[in-house]
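Coordinates in review
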Amino acid sequence: MQTVKEALDKLQQSAFRARFHLSEPDKEYVRTRGMETIRRHAADFVGQRLAPANPHNDGKQTPMRGHPVFVAQHACACCCRGCLEKWYRVPRGRPLRDDEQERIVRLLMAWIVREMDRTETA
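Residues numbered from 1 in each chain as written. Predicted model: local features only at pLDDT ≥ 70, side-chain atom pairs only at ≥ 80, totals over all residues. Heavy atoms only, no water.

1. Remarks on the overall build of the protein
Test applied: Under the scheme used here, helices are H or I runs from DSSP no shorter than 4 residues and strands are E runs no shorter than 2 residues, and both carry numbers assigned from the N terminus. Categorising residues by exposure relies on relative accessible area from a 1.4 Å probe, with only protein chains included: less than 20% of the type maximum marks a residue as buried, more than 50% marks it as exposed, and the intermediate range marks it as partly exposed. Should any heavy atoms of two residues lie within 4.5 Å, those residues are counted as being in contact.
Per the secondary structure count, the protein includes seven helices and zero strands. The order of helices and strands in the protein, counted from the N terminus, is α-α-α-α-α-α-α. Each principal axis of the C-alpha distribution contributes one length, and for the protein these read about 40 × 30 × 25 Å. By residue count, 43% of the 122 residues in the protein fall in the buried class. Counting contacts in the protein only where the partners sit at least 6 residues apart, residues at least 24 apart contribute 67% of the total.

Here it is in structure tokens:
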């Protein structure tokens, strides 16, 4: 099993995944709401949109923008069950276990933290 850092590094090798970045409004949203609120949102989105065995509208359930977690989901290939299967070998057709959901949330939050650090120090 790969670490969060290994996963983030691998994702950066994909031209498609590497093009995602938080917009200034996304960054402001994170700053004003705080990381714990963003973490709760991530857990809710993962639980509602990815965790079911057959999510509603799978492959199109995650918008490309509108919330920092949505951007992170695309950047981290955690936007649909197809991407989870391709990138992390999480099979479709069965609900995500609690530990899988938590790993996804940790990855999303690590990406958001990395983005915030990248933009704050740039």
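Let us keep going from here.
2. Here's the deal with helix α1 (residues 4–11)
At 3.6 residues per turn, the α-helix brings residues three or four places apart onto the same side. Here is the rule we go by: Each direction from the helix axis to a C-beta atom contributes to the arc, which is the arc of those directions.
Inspection of α1 places Ala7, Leu8 and Leu11 among the buried residues, and these make up the whole buried set. Burial along α1 is one-sided: seen end-on, the buried residues are contained in an arc of 95°.

3. A short note on the environment of Pro25
By the secondary structure assignment, Pro25 is in helix α3 (residues 24–33). For the pair Pro25 and Cys79, spaced 54 residues apart in sequence, the C-alpha separation works out to 21 Å.

4. Here's the deal with the pattern of salt bridges
Defined as follows: Criterion for a salt bridge: a side-chain nitrogen of Lys or Arg within 4 Å of a carboxyl oxygen of Asp or Glu.
Taken as a whole, this structure holds 13 salt bridges when the rule is applied. The shortest N-O distance in the salt bridge between Arg97 and Asp99 comes to 3.0 Å. Salt-bridge contacts for Arg118 lead to Glu115; the nearest nitrogen and oxygen are separated by 3.3 Å. Of this pair, Arg118 and Glu115 both sit in helix α7 (residues 98–121), three residues apart, which is roughly one turn of the helix. Overall, Glu115 belongs to the buried group, its relative accessible area being 5%. Through salt bridges with shared partners, a single network forms among Arg94, Arg97, Asp99, Glu100 and Arg103.

5. Side note on unusual backbone geometry
Positive phi is not limited to glycine here, since Asn57 has a value of about 60°. Secondary-structure assignment places Asn57 in the loop between α4 (35–50) and α5 (68–75). One non-glycine residue, Arg89, lies in the positive phi region at around 60°.

6. A word on the packing of α4 against α5
Pairs of packed helices are described in terms of their axes, by the angle between the two and the distance that separates them. Stated formally: Axis angles are defined between N-to-C directions and span 0 to 180 degrees, where every axis is a line fitted to C-alpha atoms and, for a helix, only to the segment in contact. Note on terminology: angles under 35 degrees are roughly parallel, angles over 145 are roughly antiparallel, angles of 65 to 115 are roughly perpendicular, and the others are oblique. What makes a crossing left-handed is the near helix being turned counterclockwise from the far one by less than a right angle; a clockwise turn instead makes it right-handed. Nonpolar residues are Ala, Val, Leu, Ile, Met, Phe, Trp, Tyr, Cys and Pro. Charged residues are Asp, Glu, Lys and Arg, and all others, Gly as well, are polar.
Viewed as axis vectors pointing N to C, α4 and α5 meet at an angle of 60°, and their least axial separation amounts to 10 Å. As the angle between them shows, α4 and α5 are arranged oblique. Considering the relative orientation of α4 and α5, their crossing is right-handed. Contact residues: Ile38, Ala42, Phe45, Arg49 and Leu50 in α4; Val69, Phe70 and Gln73 in α5. When the residues that make up the contact of α4 with α5 are grouped by side-chain class, the tally is six nonpolar, one polar and one charged.

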